[in-house]
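Coordinate analysis (summary)
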Amino acid sequence: MSKKGVEAALSRGVEILDRFLPLKSWLFFPVLYSACVWAVRRVFDYRERIMAWQVWLDPEFVRTKPDDFILAFFRGHGALSRDYAGEIARGDLRVLRAAFPALYPVFGLEDAFLKALFKAEIDAGDYRTVVVEFAARTARARNDIEPAAADPEFWKALVTIGAEAASLGLHLLADEEVQDMIVGLIKGPIALGPTVPPEA
């Protein structure tokens, strides 16, 4: 494995993304990280996988989940069970059900795009901020990625980036190492703090 080779491939990925997402550097990290995740898993329907997070925004997705499922989710995730211990103890399903649409896709489904979009908050254990900012940040991400997502060349480029990084041994690196490598390559808001749009 060549760590420098992987870093060079990811660096080329940043340059390519700059062509498709001009002035949208805050999206580079979630898009590039998602491409890496799917490359390592040898899944190449990138468009469907990377854009899958939009499915979780459908209100019906949450309404269909029974109370027991929501309680089990919060109890079963160590950090969330500590952060929401009071609500779990009281059986406060109003608060838990309100937080569920933001937290379940990130921690239950482990959506790579959303994990990257909220990396700063996850690293800080600031789960309630994920809930507060989820709707606005995902809406902005959907709007900002839309023009690039409509271009088939964008998806071809991501497959190429992911495949090259994977062929150089990306799968041998720890997840955090890959994230840190990408963050280090990106010049912009992600390197300075939370992954938020400049105007947010």
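Keep in mind that this is a model prediction, so the values were computed, not measured. Numbers given to residues run from 1 along each chain, matching the order in which its sequence is written. Thresholds applied to this predicted model are a pLDDT of at least 70 for local features of residues and 80 or more for the giving and counting of side-chain atom pairs; totals over whole chains, interfaces and linings are not thresholded and use all residues. Here the side-chain values reflect all heavy atoms present in the structure, with hydrogen atoms and water set aside.

A few points about the overall build of the chain
- For the chain, the count of helices and strands is 14 helices and 0 strands.
- Helices and strands in the chain line up, N terminus first, as α-α-α-α-α-α-α-α-α-α-α-α-α-α.
- When accessible area is computed with a 1.4 Å probe and restricted to protein chains, residues below 20% of their type maximum are described as buried, those above 50% as exposed, and intermediate ones as partly exposed. Counting the 200 residues in the chain, one finds 46% classified as buried.
- Two residues qualify as a contact provided that any one of their heavy atoms is within 4.5 Å of a heavy atom in the partner residue. Once local pairs closer than 6 in sequence are excluded, the contacts in the chain between residues at least 24 apart make up 74%.
- In the form shown here, the chain has an accessible surface area of approximately 9,600 Å², with 55% of it arising from carbon and sulfur atoms. Working definition: helices are DSSP H or I runs of at least four residues, strands are E runs of at least two. Numbering for both runs from the N terminus. Methods summary: accessible areas were calculated by the Shrake-Rupley approach with a probe of 1.4 Å, and residue burial reflects only the protein chains presented.

What to know about the packing of helix α1 (residues 3–20) against helix α13 (residues 175–185)
- Relative orientation of the contacting elements α1 and α13 amounts to 50°, with a least axis distance of 10 Å. In this view, α1 runs oblique relative to α13, as classed from their interaxial angle. Helix-helix and strand crossings are classified by hand; for α1 and α13 the assignment is right-handed. Where α1 approaches α13, its residues K3, V6, E7, L10, S11 and V14 are matched on the opposing element by E177, M181, I182 and L185.
- Of the residues contributing to the contact of α1 with α13, the split by class is 6 nonpolar, 1 polar and 3 charged. Fitting a line to C-alpha atoms yields each axis, with helices limited to the stretch in contact; the angle taken between N-to-C directions then spans 0 to 180 degrees. Any angle that is under 35 degrees is reported as roughly parallel, and any over 145 degrees as roughly antiparallel; angles of 65 to 115 degrees are reported as roughly perpendicular and all others as oblique. Two helices cross in a left-handed way if the nearer one is turned anticlockwise from the farther one by less than a right angle. They cross in a right-handed way if the turn is clockwise. Here the nonpolar group is Ala, Val, Leu, Ile, Met, Phe, Trp, Tyr, Cys and Pro; Asp, Glu, Lys and Arg are the charged ones; every other residue, Gly included, is treated as polar.

Quick word on the packing of aromatic side chains
- Two aromatic rings, drawn from Phe, Tyr or Trp (for Trp, its six-membered ring), form a pair once their centres lie within 6.5 Å of each other, and the interplanar angle then sorts them: stacked below 30 degrees, edge-to-face above 60, tilted otherwise. In the structure shown here, the tally under the stated rule is 12 aromatic pairs.
- A centroid spacing of 5.8 Å and a plane angle of 15° characterise the contact between F118 and F134, whose relative ring orientation is stacked. Placement of F118 in the loop between α9 (112–117) and α10 (119–124) and of F134 in helix α11 (residues 127–149) is noted, with a sequence separation of 16 residues between them. Of the two residues, F118 and F134, both sit in the buried class.
- One aromatic cluster is present, built from ring pairs that chain together F69, F73, F74, Y84, F100 and Y104.
- A cation over a ring is seen here: K65 above F69, with NZ or CZ 4.8 Å from the ring centre. Only when the NZ of Lys or the CZ of Arg is both within 6 Å of the ring centre and within 35 degrees of the ring normal is a charge said to sit over the ring.

Some words on the confidence of the model for the chain
- pLDDT measures the predictor's confidence residue by residue and takes values from 0 up to 100. Residues of the chain with pLDDT of at least 70 account for 86%, and the chain-wide mean is 82.
- Between the elements of the chain, mean pLDDT differs from a low of 38, seen in helix α14 (residues 189–192), to a high of 95, seen in helix α7 (residues 85–90).
- Taken as a whole, residues 188–200 scores under 50 in pLDDT and shows 26 contacts with residues more than four places along the chain or in a different chain.

Some thoughts on unusual backbone geometry
- Although it is not a glycine, E110 adopts a positive phi angle of roughly 50°.
- Mapped onto the fold, E110 is located in the loop between α8 (93–108) and α9.

Comments concerning the environment of V106
- By the element assignment, V106 lies in helix α8.
- Since its relative accessible area comes to 2%, V106 is described here as buried.
- Sequence separation between V106 and F118 is 12 residues; the distance between their C-alpha atoms is 8.5 Å.

Points about the side chain of D144
- Examined against the element boundaries, D144 turns out to sit in helix α11.
- Take D144: its relative accessible area is 8%, and that puts it in the buried class.
- Polar contacts involving the side chain of D144 include one to the side chain of W26, which spans 2.9 Å.
- If near-sequence neighbours (up to four positions away) are discounted, D144 is found in contact with L21, K24, W26 and L27. Polar contact is defined as a pair of N or O atoms within 3.5 Å, subject to the rule that within protein one atom must be able to donate a hydrogen and the other to accept it, and that residues adjacent in sequence are counted only when both atoms are side-chain atoms.

Describing the nonpolar core
- Residues L10, L21, F74, L103, F113, L158 and I182 are the most contacted members of the largest nonpolar core, which totals 65 residues.
- Among the elements that line this core, the one with the most residues is helix α2 (residues 28–40), at 9 residues.
- Apart from the residues within four sequence positions on either side, L103 is in contact with F73, F74, L80, Y84, G108, Y127, V130 and V131. Throughout this description, the term nonpolar core refers to a set of buried Ala, Val, Leu, Ile, Met, Phe, Trp, Tyr and Cys residues connected via side-chain atoms within 4.5 Å.

Section: the environment of A149
- In this structure, A149 sits in helix α11.
- Assessed through its relative accessible area of 5%, A149 is described here as buried.
- Sequence separation of A149 and F20 is 129 residues, and the distance between their C-alpha atoms is 8.9 Å.

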